[in-house]
Structure formats: C-alpha cells, structure tokens
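Read off the chains here:
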Amino acid sequence: MNRKFGRCFILILSLLFITGCWDNSEVNELAIELAWGIDKTQNKKIMISTQAIIPSKIKGGQYEGTGGVSKGKPFFVVTSEGMNTLDAVRRMQSQLSRRVFRGHRRVIVIGESMARQGIKEVIDTYTRDPNLKLRTDIFIVKGGTAKDFLQISYPLETIPGLAVLGEFNQLGTIREMGLLNFLLSATKEGACPYVPSIAIGMTPATRDEEIQKDQSNADVEGFRIAGPGIFNKELKLVGFLNVDEGWAIRWVTGNLKKLTISAAIPQEDGNTSMDLYKIESKIEPVIQGDKLKILVTLTGQGAIRENNTHLDLTQSKNITLLQNALNKHVEESVLQTITKVQQQFGTDVFGFSDTIRRTNLPYWKSVKHDWESTFREADISVNAKLTVRRIGITGPSLHLKTDETKK
C-alpha cells in the first residue's frame, strides 16, 4: 500500500514540473506568410517583402467579396528596408497588427539585381534560425524585383506566390528542395548552385511588346518559369540559361522526375515525342594522364505519345530507330548545355567535383584549388540510353493507308 501511494505521489509531483505551450499564438493573432522576397535598394540596404493571406477573403480555397464578387486580392504585400534581413523584419513588424508567422512559407524570391550583387550576407540567417524551413523553393525574378513579383496576380490560383510551385512542378522537377539544395551546393568545394528563375508576364514579350519601365505592374497578369540562373562560388548570379537547358542540368544532377522530349526523324521525314519517367543519371570521371574526362550516362524509360512518321511501331526495328533518334537528340542537347556552362561561366553546377571527391580523393586534392580552370578544360561526353516501354494503343498512325505504312 505504501509503495502504491509513493508512486501516485511521484506522478502528482511530476505534474508540477510539466509546462504547457507558454508561447503559443492563436491563428487570429498571426499574419500567415506564404511567399517572401529579397531586393537590394539604391542606398545599399536590404528590402524584404512578404506576401501574406487575408483570411476574411478566402473561403474554400477561393476568395470572394460582397455578393460573391471579388473586391480585392486575397493577399497583401508589405515591404520594409534595413541594414540586414533581421533589421528589415523588425521594421516590417511595426507595420502589422499581427505577428508574422513563417511556418507556412513555401517560396523565396530574389530580385535579379540583388542576385547579381551577391546573396552571401542575406542567406546567413537561413543557416542560423532553426524555425525557418529549409524545404522551401527559391527563385530569381529575371529582369525584375521580388517586390514586383509578389504584387502580380495570377488567374488560376488564389495565392500567386504558390502558383509558381505549380508551374515549376509541370517541368518535372523535385519540389520544395530548392533552398536546401542551394545551401548544400554553396558549402561544397568546387560545386556552384543554380536557381530557377521567374519572368513576369505569362508569354514571352516581343521587342515591340516589352513592358515599359514606367508601366505599373498592376497592368501585368501572371508569370512564367524561365531558365535557371547560374551562380559562382561567391554566390553571385553570373547569367541565365534557357528552359530547355534547364532540364538538361536537372537531368544530369538527378533533380528530374519526368520529361517530354521530341526529336526529328530525318530519314523518315517526321518527328516523334516521348514521355519519360524513371529518369536517372550517372557521372564517371576518368583520369588519363593530366587530362580529366567525364562520362555522363543518362537513362530513362517511357511511352511514345506522338508518332508523325510512317513507321509501324508494332515492329521492334522501328522502335529501335525512334530510340536512336531520341538518344541522339538528348546527347546533343545535354552536351551543348554542358559546353555552354564550361565556356561562358566556368561554374560547376553539375556536381562533377562532388563525384570526383568521392571516387578519387587524391586527384581532387590536386585540382581543387584550381577547379574552375580544370572544369573548363575537362573533356565531357554524354551517352543516352532511353527505352520505349509503351507505344500507345495503335501501331501505325490511323490516318495512314496500309500501303503508306513502313513495316
């Protein structure tokens, strides 16, 4: 009996030392941030912008006003300047009646001017604060500022800051890993990060349709994913690639999960398209004397989704012909991208240095101090091995007559 009483006494006593959530906040006391922007001001200060939701204008994932008619955007954007990020955050908080909550932040955008001047200093806070999410995507606003982007509306989504994630996912990319991958690349010897970019406006503007500097961004609707921005080891933006070159980088680095490729079949006077999945890459460095050679092998499986040739795809030899054409197209496109990065930027955004360090540490130690020059001069080759698993429900195209089909 005494033993039972003693156990009960210990349990009751332990309750006195158990604390609750002393610093919790109610939802109606928070300003929920979903997107975050960083820009450089003319006085060399940091400008931050936050895109937060207006709860009263969101219902069932849509926003509405009186009588079911929208009376404004379901979000608002607040900006502030400071000598560094946290100084700007402190000043921003004085403009808001609620505490900014960043636990749901999904997107970080950086203006091109800020990126070109370097983001080493502003990125420091993301490596120190345990409350900031590393599973967040990061983008560069090509030709604009983060503030401009956050103020743009998007016709298909309630919160435009989240629409960029949907567009990015359509490219077959791995979502919500951008910031983490950026930080990992920035800390590795030899490797350099790359970041996807956003261009304001849903269609590329022609020379006569370019947005004038004095035109309000309120007149512009939507945005689009542009090619990746390339950074050097100083974390300064040095240039951009196009969208097609972007998928080449993501394939080589293992950050691609799906892709549709199209290739011409010259000998058949036609073309074909293939949906790829199970996409993988392998990097094999080889040292021959003083020369570094790197073999990049790209593999993938998929289905033929369009066949604008006279080939009957129920015949294995015809499938082989298409596979060869697709392989050649991939090899040329990826090698062209690698060569462009070597010659124009000299920044190893492909992670070759990381592979060499893992497989041949003595060689890496001998070249790591002059890796940019070694990377520029490396002899790189690409080998694609694509496999057609499905051809659809028809062999030859239905519009072809029997005598027009090549067996």
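Computed from a prediction, not measured in an experiment: that's the story for all the values here.

### So, the overall build of the protein
And step 1. A count of helical and extended segments in the protein gives 12 helices and 13 strands.
And step 2. Out of the 407 residues in the protein, the part that is buried amounts to 45%.
And step 3. A separation of at least 24 residues holds for 72% of the contacts in the protein among residues at least 6 apart in sequence.
And step 4. As displayed, the protein has an accessible area near 22,500 Å², and 50% of this comes from carbon and sulfur atoms.

### Re the sheet that holds strand β12 (residues 291-307)
And step 1. Strand order in the open sheet formed by 4 strands is β10-β11-β12-β13, and the pairing between neighbours is mixed. Each edge of the open sheet is held by one strand with a lone partner, namely β10 (259-265) and β13 (379-390). Adjacent strand axes in the sheet meet at a mean angle of 40° when their direction is disregarded.
And step 2. Across 11 bridges, the pairing between β12 and β13 is parallel.

### Observations concerning the pattern of salt bridges
And step 1. Within the structure shown, the criterion is met by 12 salt bridges.
And step 2. The salt bridge partner of D87 is R90, with a shortest N-O separation of 2.8 Å. Taken as a pair, D87 and R90 lie in helix α2 (residues 85-93) at a separation of 3 residues, close to a single helical turn.
And step 3. Among the salt bridges present, the one from R116 reaches E112, with a minimum N-O distance of 2.9 Å. One end of the pair, R116, and the other, E112, are both in helix α3 (residues 112-117), 4 residues apart, so they sit about a helical turn from each other.
And step 4. You can call R116 partly exposed: its relative accessible area is 38%.

### Considering the packing of helix α8 (residues 243-252) against helix α9 (residues 316-345)
And step 1. For the pair α8 and α9, the least separation of the axes is 9 Å and the interaxial angle reads 95°. In this view, α8 runs roughly perpendicular relative to α9, as classed from their interaxial angle. Of the residues in α9, those in contact with E245, W247, A248, I249, W251 and V252 of α8 are V330, S333, V334, T337 and K340.
And step 2. Class assignment of the residues belonging to the contact of α8 with α9 gives a composition of 7 nonpolar, 2 polar and 2 charged.

### Here's the deal with α9
And step 1. Given a rise of 1.5 Å per residue, 30 residues ought to cover 44 Å, and the 43 Å separating the end C-alpha atoms of α9 matches this to within 8%.
And step 2. Of the residues trailing α9, G346 is marked for its positive phi of about 65°.

### What to know about the nonpolar core
And step 1. Ranked by internal contacts, the top residues of the largest apolar core, which has 49 residues, are W251, V334, F350 and F352.
And step 2. Here the element with the most residues in this core is α9; it accounts for 9 residues.
And step 3. Dropping the residues within four chain positions of it, V334 is found in contact with W247, A248, V252, L298 and V382.
And step 4. Residues A115, L132, I138 and F240 belong to the second largest nonpolar core, which totals 29 residues.

### Structural notes on the environment of A52
And step 1. Here A52 shows up in strand β2 (residues 46-53).
And step 2. Classification of A52 by relative accessible area gives buried; the value is 3%.
And step 3. Through-space distance from the C-alpha of A52 to that of V78 is 8.3 Å; in sequence the pair is 26 residues apart.
And step 4. Among all residues touching A52, those that are not within four sequence positions of it are I32, E33, P74, F75 and F76.

### Remarks on the packing of aromatic side chains
And step 1. A full pass over the atoms with the stated rule returns 9 aromatic pairs.
And step 2. Relative to W251, the ring of W247 has its centre 6.0 Å away and its plane inclined at 45°; by these criteria the two rings are tilted. Of the two residues, W247 and W251 are both situated in helix α8; the distance of 4 residues between them amounts to about one turn of the helix.
And step 3. Look at W247 and you get buried, because its relative accessible area is 9%.
And step 4. When its relative accessible area of 1% is taken as the criterion, W251 is described as buried.
And step 5. Centroid distance F352 to F375: 6.3 Å. Interplanar angle 40°. Geometry classified as tilted. Taken together, the residues F352 in helix α10 (residues 352-359) and F375 in helix α12 (residues 371-377) connect sequence positions 23 residues apart.
And step 6. Classification of F352 as buried rests on a relative accessible area of 0%.

### Looking at the side chain of D39
And step 1. Mapped onto the elements, D39 comes out in strand β1 (residues 30-40).
And step 2. No salt bridge forms around the buried D39; measuring N to O, its nearest opposite-charge neighbour K147 is 7.8 Å away.
And step 3. One polar contact links the side chain of D39 to the main-chain amide nitrogen of G111, over a distance of 3.5 Å.
And step 4. Those residues within four positions of D39 in sequence are excluded, and the remaining contacts are K45, I46, M47, G111, M114, T145, A146 and K147.

### Notes on the confidence of the model for the protein
And step 1. Predicted confidence across the protein gives a mean pLDDT of 81, with 79% of residues reaching 70 or more.
And step 2. The secondary structure element of the protein with the lowest average pLDDT is helix α1 (residues 2-15), at 61, and the one with the highest is strand β9 (residues 237-240), at 96.
And step 3. Counting interchain partners and residues more than four positions distant, the pLDDT-below-50 stretch residues 63-70 has 13 contacts.
And step 4. Note that pLDDT drops below 50 for residues 206-218; the model gives that stretch 4 contacts with residues more than four away or on any other chain.

### Digging into the pairing of β12
And step 1. Here strand β11 (residues 270-288) runs beside β12; their pairing, made up of 15 bridges, is antiparallel. Bridging across to β12, K282 finds its partner in T297.
And step 2. Hairpin connection between β11 and β12: a loop of 2 residues separates the two successive antiparallel strands, and G289 in this loop has a positive phi of roughly 70°.

Conventions we followed
- Residues numbered from 1 in each chain as written.
- Predicted model: local features only at pLDDT ≥ 70, side-chain atom pairs only at ≥ 80, totals over all residues.
- Heavy atoms only, no water.
- Helix = DSSP H or I, 4+ residues; strand = E, 2+ residues; numbered from the N terminus.
- Buried < 20%, exposed > 50% of the residue type's maximum accessible area, 1.4 Å probe, protein only.
- Contact = heavy atoms within 4.5 Å.
- Areas by Shrake-Rupley, 256 points an atom, 1.4 Å probe, with all protein chains shown as cover.
- Pairing = 2+ DSSP bridges.
- Axes fitted to C-alpha atoms, helices over the stretch in contact; angles between N-to-C directions.
- Salt bridge = Lys/Arg side-chain N within 4 Å of Asp/Glu carboxyl O.
- Parallel < 35°, antiparallel > 145°, perpendicular 65-115°, else oblique.
- Nonpolar A, V, L, I, M, F, W, Y, C, P; charged D, E, K, R; others polar.
- Expected span 1.5 Å × (residues − 1).
- Core = buried A, V, L, I, M, F, W, Y, C linked by side-chain atoms within 4.5 Å.
- Phe/Tyr/Trp six-rings, centres within 6.5 Å; stacked < 30°, edge-to-face > 60°.
- Lys, Arg positive; Asp, Glu negative; His and termini not counted.
- Polar contact = N/O pair within 3.5 Å; in protein donor to acceptor, adjacent residues only side chain to side chain.
- pLDDT = per-residue confidence, 0-100.

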